[in-house]
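Each chain, letter by letter, is given below.
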Amino acid sequence: MGDSAITIVAIFLAAILMFIFPLMTMADKTDDATSLTIKSATTEFTNQVRTKGYLSQEDYDNFVLTIAATGNSYDTDITVMKLDANPAKKVQGSTVTIGENVYYVMYTTQVLEALNNTSKLLALSEGDIITVKVENTNTTISGQLRNFLYKVTGNTDGIIAAEASGMVTKTYGS
Amino acid sequence: MKLQSLSVIFIIIVLPITMVLSEYISNLIESREIEMLYDTKLLNSTYDAIKAYQLNTINNAFGDVTTQKVNDIEAAASTFFNSLSSNFNYAGYDSNVMQEYVSAIVFTMNDGYYIFSPYTNTLTELKENTEDDSSSYDESYSKGGEIKDGLKPYVYYNCRYVNPSKEFDFVITYTLDNYITIQGMINNIYVYDCGYLYSIDNDDGIKKSGENYIYNGITFTNSQSEEMKEYVGDTLYSYAKINGKKYYLDPNYYDRTETKTIKYEGNSITIPARTGIFYIDSTGAKNYNQTKGYSSSNLKAENDEFIRYYLAIKYNKSAYEYFKKAYEFSKMAIGGGGISGYADKTGNTALPTHGYRLNELSTSDAVIYGSTSNYDIYKNLSQDITNIQEYGEFNIFSGNDIGKSSSNFEQHRKAIIRYVIETNLTTSIASFSSSASTDFKMPKISEDDWEMIENDVCAISFMQGMSIGSKQYNGYAAVSNTLGAEHIDESDIYILATDLNGNKIYCKPNDKKLEKTDGYSVIPYSQLGYYSGILKLNFEQKQDASNNDVDTIIYQPMSYTATGNIRTPYLGSYTSIMGTSDVELIGGGNEYADMHSYLKNSPINLKTAYYNGFARERWGSYNVNNINYELNGNSNGCDYFLNDYQFVQ
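Residues numbered from 1 in each chain as written. Chains lettered and ligands numbered in written order. Predicted model: local features only at pLDDT ≥ 70, side-chain atom pairs only at ≥ 80, totals over all residues. Heavy atoms only, no water.

1. Topic: the interface of chain A and chain B
Spelled out, the test is: Whether two residues are in contact is decided by their heavy atoms, any of which lying within 4.5 Å being enough. Distance and chemistry together define a polar contact, namely a pair of N or O atoms within 3.5 Å, with one atom able to donate a hydrogen and the other to accept it when in protein, and with adjacent residues in sequence counting only for side-chain atoms on both sides. By definition, any uninterrupted DSSP run of H or I lasting at least four residues is a helix, any uninterrupted run of E lasting at least two residues is a strand, and each is numbered from the N terminus.
Of the residues lining the interface, 49 residues belong to chain A; the matching set on chain B comes to 52 residues. Along the contact surface separating chain A from chain B lie eight residue pairs in polar contact (both at pLDDT 80 or more). Every element with two or more residues in the side of chain A that touches chain B is listed here: helix 1 (2-52), strand 2 (74-84) and strand 4 (121-123) of chain A. Here the element with the most residues in the side of chain A that touches chain B is helix 1 of chain A; it accounts for 22 residues.

2. Regarding the packing of helix 1 (residues 3-58) of chain B against helix 2 (residues 66-87) of chain B
Residue and element names in this part refer to chain B. As a reminder, the rule being used: In this analysis, axes come from line fits to C-alpha atoms, helices being fitted only over the stretch in contact, and the angle between any two N-to-C directions falls in the range 0 to 180 degrees. By definition, turning the near helix anticlockwise from the far helix through less than a right angle yields a left-handed crossing, and turning it clockwise yields a right-handed one. All amino acids are sorted into three groups, where Ala, Val, Leu, Ile, Met, Phe, Trp, Tyr, Cys and Pro are nonpolar, Asp, Glu, Lys and Arg are charged, and the leftover types, Gly among them, are polar.
Orientation of helix 1 relative to helix 2, taken along the N-to-C sense of each, is 145°, at an axis distance of 8 Å. For the pair helix 1 and helix 2, the sense of crossing is right-handed. Here Lys41, Leu42, Asn44, Ser45, Thr46, Asp48, Ala49, Ala52, Tyr53, Asn56 and Thr57 of helix 1 come into contact with helix 2, specifically with Lys69, Asp72, Ile73, Ala75, Ala76, Thr79, Phe80, Ser83, Leu84 and Asn87. Considered class by class, the residues forming the contact of helix 1 with helix 2 number nine nonpolar, eight polar and four charged.

3. Quick word on the nonpolar core
Residues and elements named next belong to chain B. Basically, it comes down to this: Residues grouped as a nonpolar core are buried Ala, Val, Leu, Ile, Met, Phe, Trp, Tyr and Cys residues, joined through side-chain atoms within 4.5 Å. Burial classification: accessible surface area is computed with a 1.4 Å probe over protein chains only, and a residue below 20% of its type maximum counts as buried, one above 50% as exposed, and the rest as partly exposed. Where each domain begins and ends is defined by an automated method or by a domain database.
If you look at the biggest cluster of nonpolar residues, it comprises 59 residues, and the most contacted ones within it are Phe323 and Tyr611. Mapped onto the domain boundaries, this core takes at least three residues apiece from domain 2 (228-316 + 626-644) and domain 3 (493-620). The residues contacting tyrosine 611, other than those within four sequence positions of it, are Tyr215, Asn216, Ile218, Phe220, Phe323, His596 and Leu599. Within the second largest apolar cluster, 54 residues are counted, among which are Val106, Tyr113, Val155 and Ile460.

4. Digging into the sheet that holds strand 6 (residues 161-167) of chain A
Whenever strands of a sheet pair, they do so through backbone hydrogen bonds, lying parallel or antiparallel. Residues and elements named next belong to chain A. Rule in force here: Pairing between strands is defined by DSSP: at least two bridges between the two strands are required.
Pairing is antiparallel in the open sheet, where four strands are placed in the order 3-2-5-6. In this open sheet, the two edge strands, each paired with only one partner strand, are strand 3 (102-106) and strand 6. Adjacent strand axes in the sheet meet at a mean angle of 15°, parallel and antiparallel pairs treated alike. In this sheet, strand 6 lies alongside strand 5 (residues 129-136) in antiparallel orientation, the contact comprising seven bridges. Counted as the bridge partner of valine 134 is alanine 162 from strand 6.

5. Some details on a nonpolar patch on the surface
Operational definition: Grouping into patches uses exposed residues only, defined as over 30% relative accessible area, and leaves out salt-bridged ones; the cut-off is 9 Å for like charges and 5 Å for nonpolar side chains (Val, Leu, Ile, Met, Phe, Trp, Tyr). In this description, accessible areas are obtained by the Shrake-Rupley approach with a 1.4 Å probe, and a residue is regarded as covered only by the protein chains that are shown. Whenever Lys or Arg places a side-chain nitrogen within 4 Å of a carboxyl oxygen from Asp or Glu, that contact is recorded as a salt bridge.
A cluster of nonpolar side chains, namely A:Val9, A:Leu13, A:Leu17, A:Phe21, B:Leu15 and B:Met19, defines an oily patch on the protein surface of about 510 Å² accessible area. Listing elements by their share of the nonpolar patch, those giving two or more residues are helix 1 of chain A together with helix 1 of chain B. Tallying contributions element by element places helix 1 of chain A first for the nonpolar patch, with four residues. Here B:Leu15 falls in the partly exposed class, since its relative accessible area comes to 34%.

6. Description of the sheet that holds strand 10 (residues 218-220) of chain B
Residue and element names in this part refer to chain B. Reading across the sheet, the three strands line up as 8-9-10 and stay open at both edges, with antiparallel pairing between neighbours. Since the sheet does not close on itself, it has two edges, and those belong to strand 8 (206-209) and strand 10, each with one partner. Each strand axis lies, on average, 30° off the axis of its neighbour in the sheet, ignoring direction. Both strand 8 and strand 9 (residues 212-215) contribute to a ladder of four bridges, which runs antiparallel. Residue pairing in the sheet places lysine 208 in a bridge with tyrosine 213 of strand 9. Set on the sheet, helix 10 (residues 604-620) makes contact with strand 9 and strand 10; between it and strand 10 the angle comes to about 45°.

7. Quick word on the side chain of B:Arg357
Residue and element names in this part refer to chain B. By secondary structure assignment, the location of arginine 357 is in the loop between helix 4 (318-334) and strand 18 (366-367). Judged by its relative accessible area of 13%, arginine 357 falls in the buried class. Not counting residues within four places of it along the chain, the set of residues in contact with arginine 357 comprises Lys166, Phe168, Ile186, Asn187, Met332 and Ala333.

Structure representation (structure tokens):
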């Protein structure tokens with residue numbers, strides 16, 4: 001009786017060790033690799049927009065294709081903070097400014113809407129700030145396994161996320 | 001064997017493999033993450049360097065003169081290193097700490113580029129005392145054999161062309177626009193000439209009609225002139241920009257009462273001797289020493305010089321001169337020559353009978369310096385360099401669209417710029433790695449960045465050798481400088497306009513609201529005394545440091561007096577300067593390839609304002625070929641600027 005109980009425990013242990021553990025490690029590593037791809041794609045995309053001074057539909061499509069190639073579905077947030085610094089507002093004789101350096105913000109919907117014009121391009125100016133955030137919306141295998149094994153604090157999706165931001169260094173068309 | 005033993009063995013085998021693999025992958029991920037972080041840091045520091053360069057050049061009237069440029073670049077490089085060391089948390093230590101990782105910073109200019117990189121100081125001297133080898137120099141300052149950081153000699157965007165059957169052996173220096181310099185032998189005659197090149201006698205180029213010149217539907221005549229005005233500190237002055245330097249007219253400088261009457265272009269003009277002419281010198285103060293003003297006690301030459309400056313400021317005809325000289329140069333270069341009395345920059349009038357015949361020049365005529373065998377540069381070379389042949393064999397100056405972005409010329413110009421930068425930079429980076437422990441190669445510059453480098457003044461920085469885990473970092477960053485007087489681009493001209501509420505604003509020429517009933521109207525010449533196309537740099541605020549006793553005054557040069565005598569600066573348009581909502585996008589696959597094709601169908605007011613501004617700024621901009629020859633041309637008597645303002649006593 002004692003022997004068979006031990007055997008059952010051993011089979012369970014063996015199953016976990018032989019299948020689930022390697023599976024989890026591999027799934028985790030896949031997520032890590034995906035995360036790397038996403039991070040580098042996001043940084044490259046952001047830096048490209050920063051140096052070129054515009055965001056084009058083509059660049060955006062390429063970016064979405066690159067991240068979609070990892071096999072997950074993603075939520076992409078692009079926030080563009082447009083600098084409204086009318087330098088001519090500076091007053092003669094002093095450096096006091098009226099309405100200095102105000103930013104107004106365009107969120108993803110407005111950015112994508114702006115891309116939807118004839119030239120498929122959103123022109124940016126020097127001083128604008130672009131932030132790109134990417135997060136997965138599906139549950140990855142690693143997430144599923146984790147939920148199955150230690151479902152203590154609720155479900156996790158196996159977060160693959162990346163964020164990059166920076167100031168635009170070139171005004172489009174100048 | 002029992003199941004338990006099997007699983008233990010399995011674990012013993014699998015566990016180390018998994019651990020090593022996961023360690024390896026996380027290592028790779030880590031280095032990639034650091035690499036991306038470094039990329040961003042490098043980009044930010046390069047941007048800081050460009051910003052420093054801009055600030056220095058805007059507030060310095062001599063920002064485009066070579067010696068001053070070198071100073072500004074060195075200052076920008078030092079900003080770059082400071083910024084980089086604080087980005088890498090080394091601030092407070094020696095700021096040179098990052099220098100051993102920066103293999104080169106390239107500063108591209110209008111007609112060439114500087115490389116800031118380490119070099120071996122080859123100071124050689126005769127030892128004062130041969131016995132103990134003691135030196136007469138202060139070795140703490142400069143010492144032979146030391147590795148130092150500094151600017152290497154300027155490299156021009158040059159290409160040599162040799163073709164014995166066409167009797168060609170000369171060098172062309174290209175720039176970021178359609179300005180070229182030719183030096184060398186054509187038909188066994190030595191030619192040294194330079195100018196803006198356009199297609200001529202067709203609708204896309206410059207046409208001549210009598211003494212007038214027509215470009216894109218706008219006629220430029222000798223009799224039309226402008227009087228440019230802008231504020232310096234609190235006062236509005238008339239000025240003219242000559243070789244990149246602005247000369248202002250001060251109507252009440254000298255304590256003199258006499259007047260002088262001369263005849264210019266058939267009109268009598270009376271010049272009060274009170275008038276002085278000044279420029280802003282490198283300390284920011286007004287300097288009146290360029291001319292002595294007018295006085296009967298001056299030498300005649302001194303008075304004549306002053307009068308020409310006076311005429312150039314009051315009756316500026318730079319726009320006309322620009323198109324006239326461009327037409328004449330283009331006629332010589334590609335239009336078969338035949339301009340009587342035309343002299344090149346050496347003053348030689350015995351030029352080849354059929355002009356320089358550049359329209360016969362093919363890309364396959366390009367060769368390497370010092371090489372007489374043909375085709376070298378064309379077929380060439382190492383894998384790191386994009387050779388000229390890749391672009392195909394064609395006649396460089398053929399077609400009717402020179403000066404436009406679609407032309408063969410433009411394609412070849414970009415190819416040469418890229419070739420020149422790549423060849424020198426690979427060598428520079430290779431020689432950097434010879435002093436380092438690892439072998440470095442130039443990283444591949446993306447096509448997008450090349451496009452930027454070929455069209456704008458840029459800074460490109462290269463950083464390599466920092467350990468980032470599994471490998472060593474090797475990256476670059478390129479940032480363009482769009483605010484400088486170095487190079488007048490077609491998008492560098494803004495238009496002064498009035499909006500519906502009567503506010504005076506400035507906007508881009510491709511603002512869709514311009515000259516529309518519900519938009520802006522171009523401020524006419526009759527209101528200003530000059531055409532409303534203005535260089536965008538003039539809208540930057542400036543410092544007046546001429547009075548040291550009080551605080552530095554910050555002012556806007558482009559201002560106007562509104563009702564109630566209140567001085568108001570022109571405001572940037574919200575639809576094209578601050579925002580971009582109403583800008584017609586140009587280039588990059590848009591409907592219009594360049595500004596010229598956009599303006600083709602624009603209202604005549606806008607076109608006139610734009611082209612007068614564009615041509616005036618280009619004609620007045622600094623050019624190394626014209627250095628110090630404002631008055632009488634160079635030592636060969638080749639004329640420039642003030643020689644076009646001849647008068648009768």
